[in-house]
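Analysis of the macromolecular model
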Amino acid sequence: MPDPGPRARASSWVGFRTLLGKEVLRFWKVAFQTILAPVLNALLFLLIFSHVLDRHVTMYGDIAYTAFLVPGLVMMSLLQNAFANSSSSLIQSKITGNIIFVLLPPIAYHELYAAYVIASVLRALMVGLGVLVVSLPFVDVSFAAPGWIVAFALIGGATLGTLGMIAGIWADKFDQLSAFQNFLIMPLTMLSGVFFSIHSLPDIWQEVLRINPFFFMIDGFRYGFFGQSDVNPWLSLGVAGVFFLFLAALTLVMLARGYKLRS
Amino acid sequence: MAVAAIRVDQVTKHYGTLRALAGVSLEVAQGEFFGLLGPNGAGKTTLISALAGLVRPTSGTLEVMGYDVVGDYRNARQHIGVVPQELVFDPFFSVRELLRIQSGYFGVRRNDDWIDEILCNLDLLPKANANMRTLSGGMKRRVLVAQALVHRPPVIVLDEPTAGVDVELRQGLWRFIRKLNRDGHTVVLTTHYLEEAEALCGRIAMLKSGRVVALDSTQALLRQFATHTLRVRLQNPEIGCTLGGNPDVDGWVDFAFDVYADVEPLLGRLREAGAGVDEIQLGEPDLERVFVDVMNRA
């Protein structure tokens, strides 16, 4: 009898690793589109803003605007690409129907979650690192507390990778995913202090920004570069951590119940 | 007693007010070649999807090799390979990459020997390194079959695997599936090609509106439902019609009969009535007639 035997549990680690590897290959095979293009976009932002504002604006007292901008651009690219990775993978698989190849095997829902999110974090880190590296010839960037940089890069990538999963599972067509991206992710990212310090805003807008969890991710990330930030980095880490845990729990519940994946 | 390859017990599935499965119960023994037939919308794909864990039953239980598809889904899925009805593929990868990935999903590493054997049997070796996008519809269909087999599942479910596949490829596919069945794999097949089901399946279940309306061995179904046909070409076909025949074109008239002993008396009556028999053909009972009969009665 061709019975593979009770190897299902022993092999689940292989299943997870394979899914992770496949998700990484998926974006790596089109690296021009998924890594180099976002790096080029960020570089253009940097060149334009540095040309227009660098001589006129300083931040935190004596930090050149371009130097202030770099961590924001790195984090913005990182967040947007983490979201794009998991959301595009899921929506494409759902619409073409090949999601079935992930749903048929004995891969647990938490393994599915981990594979998609880790792949998103890897792409986000590659893009973030790429933006940082191409910025260095143009801007004098300091690294005051590298541990914070790594911590916020990881938690930011994981959070947006998770949000991408939620969007990818929820959306039934590209139009809905685009709405999620343009009306939620984009405003939250752009209005999070990428281009400015909240102290340069009127009080009312400062309060509005303080309810945007993306602000805490970018502010904490920036602390790692300058040793200065708008709010205490521990508070930022706490807010970002709670936000991530909430989204992760929501996604795991969606996957466990088979929401929009298993009818 | 050996555990059943598939056990379905009182399974219902509702989509809002639509009842896709209405209390389906059946068992498939290990090593069987089992047919699941029914018109479109009968619930075949829903039942297969429930076995594969893609659809969650509203009530009832399903087991694959004794493993509950919900409670022990890892073991259940490890023991089943499903060829989906839709022609789906991942455009990022080549055939070999896809099969390696699918092997890994099922926890199988270093599987290239078996992958090569599948590719060879499905006549896909020349396309092993081709991207999925470049393959024809028939080739993509065969890759779907290969993907379902990479982890050597004891239970293989084929949901209309020959739709859109040409005759030569279809025959090759059935040779391979028959070999797997001889090697001990249980095969469950849904198809609209009833002659395929008749030739391949030892037992058949027919579904209509989410219910099992017939479940027996293929031979028993043929004996139970179908009648033989005496087809005669008459000089005066209208006389044949008055004797209970069904007229066809060119003077042909069909008569149904149960046993061969009925043939001679029937021909005698035609002679006596002056129908003028020019040609005779005998038709064996076939599954298509059984299918139509069962569906009309249900």
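Right, let's walk through the structure included here. Source: prediction; values computed, not measured. (Residues numbered from 1 in each chain as written. Chains lettered and ligands numbered in written order. Predicted model: local features only at pLDDT ≥ 70, side-chain atom pairs only at ≥ 80, totals over all residues. Heavy atoms only, no water.)

**Re the sheet that holds strand β3 (residues 33-37) of chain B**
All names here are of chain B.
- Judged by pairing direction, the sheet is mixed, and its six strands sit side by side in the order β6-β7-β8-β3-β9-β10 without closing on themselves. Both outer strands of the open sheet, β6 (80-83) and β10 (211-217), are each paired with one neighbouring strand and no more. Across the sheet, the axes of successive neighbouring strands diverge by a mean angle of 15°, strand direction being ignored.
- Strand contacts of helix α1 (residues 44-52): β3, β6, β7 (155-159), β8 (186-190) and β9 (203-208), with the helix running at about 130° to β3, the strand carrying the most contacts.
- Sitting on the sheet, helix α11 (residues 287-297) touches β3, β9 and β10, and the angle it makes with β9 is about 40°. (Pairing = 2+ DSSP bridges. Helix = DSSP H or I, 4+ residues; strand = E, 2+ residues; numbered from the N terminus. Axes fitted to C-alpha atoms, helices over the stretch in contact; angles between N-to-C directions. Contact = heavy atoms within 4.5 Å.)

**Comments concerning the interface of chain A and chain B**
- On the chain B side, the residues contacting the 43 residues of chain A number 41 residues.
- Counting the contacts that link chain A with chain B gives three salt bridges.
- Linking aspartate 90 of chain B and lysine 22 of chain A is a salt bridge whose minimum nitrogen-to-oxygen distance equals 4.0 Å.
- Counting across the interface, chain A meets chain B through 15 residue pairs in polar contact (both at pLDDT 80 or more).
- Contributing elements (two or more residues each) for the side of chain A that touches chain B: α1 (8-28), α3 (65-96), α4 (100-103), α5 (109-135) and α10 (233-257) of chain A.
- A per-element tally of the side of chain A that touches chain B places α1 of chain A first, with 12 residues.
- The class makeup of the residues in the side of chain A that touches chain B is 21 nonpolar, 12 polar and 10 charged. (Salt bridge = Lys/Arg side-chain N within 4 Å of Asp/Glu carboxyl O. Polar contact = N/O pair within 3.5 Å; in protein donor to acceptor, adjacent residues only side chain to side chain. Nonpolar A, V, L, I, M, F, W, Y, C, P; charged D, E, K, R; others polar.)

**Observations regarding the sheet that holds strand β12 (residues 246-247) of chain B**
Residues and elements named next belong to chain B.
- Taken in spatial order, the four strands make up an open sheet running β12-β13-β11-β14, and their pairing is antiparallel. Pairing within the sheet leaves two strands with one partner each, and these edge strands are β12 and β14 (277-283).
- For strand β11 (residues 228-234) and strand β13 (residues 252-257), the ladder comprises six bridges, and the chain directions are antiparallel. Following the sheet pairing, leucine 230 is matched in β13 by phenylalanine 255.

**As for the environment of cysteine 241 of chain B**
- Within the element layout of this structure, cysteine 241 of chain B appears in helix α9 (residues 237-242).
- For cysteine 241 of chain B and leucine 230 of chain B, which are 11 residues apart along the polypeptide, the C-alpha to C-alpha distance reads 13 Å.

**Some thoughts on the packing of helix α3 (residues 95-105) of chain B against helix α5 (residues 137-149) of chain B**
Residue and element names in this part refer to chain B.
- Their axes nearest at 9 Å, the elements α3 and α5 cross at an angle of 25°. When the axes of α3 and α5 are compared, the pair comes out roughly parallel. Along this stretch, α3 crosses α5, giving a crossing that reads as right-handed. Seen from α3, the contacting residues are Val95, Leu98, Leu99 and Gln102; seen from α5, they are Val143, Ala146 and Gln147.
- In the contact of α3 with α5, the residues fall into five nonpolar, two polar and no charged. (Parallel < 35°, antiparallel > 145°, perpendicular 65-115°, else oblique. Left-handed = near helix turned anticlockwise from the far one by under 90°.)

**Thoughts on helix α4 (residues 112-121) of chain B**
All names here are of chain B.
- When we look at burial in α4, the residues that qualify are Trp114, Ile115, Ile118 and Leu119. Seen from one end, α4 has its buried residues packed into an arc of 140°, which puts them on one side.
- Those residues of α4 that are buried are in contact with α3, α5 and α6 (167-182).
- Residue aspartate 123 follows α4 closely and has a positive phi angle near 60°. (Buried < 20%, exposed > 50% of the residue type's maximum accessible area, 1.4 Å probe, protein only. Arc of directions from axis to C-beta.)

**Considering the environment of leucine 144 of chain B**
- Here leucine 144 of chain B shows up in helix α5.
- Its relative accessible area of 1% is what places leucine 144 of chain B among the buried residues.
- Distance in space between the C-alpha atoms of leucine 144 of chain B and proline 84 of chain B is 7.3 Å, their sequence separation being 60 residues.
- Apart from residues lying up to four places away in sequence, leucine 144 of chain B is in contact with Phe101 of chain A together with Val83, Pro84, Glu86, Leu87 and Val88 of chain B.

**Looking at the nonpolar core**
- Ranked by size, the top nonpolar core spans 169 residues in total, and within it Leu160 of chain A together with Val8, Leu26, Leu47, Ile177, Met206 and Leu287 of chain B carry the most contacts.
- If you tally residues by element for this core, the top one is α3 of chain A, at 15 residues.
- Apart from residues no more than four positions distant in its own chain, leucine 47 of chain B is found in contact with Val8, Leu21, Val24, Leu26, Leu36, Leu62 and Leu207 of chain B.
- By size, the runner-up hydrophobic cluster in this structure holds 12 residues, among which are Val253, Phe255, Leu266 and Leu267 of chain B. (Core = buried A, V, L, I, M, F, W, Y, C linked by side-chain atoms within 4.5 Å.)

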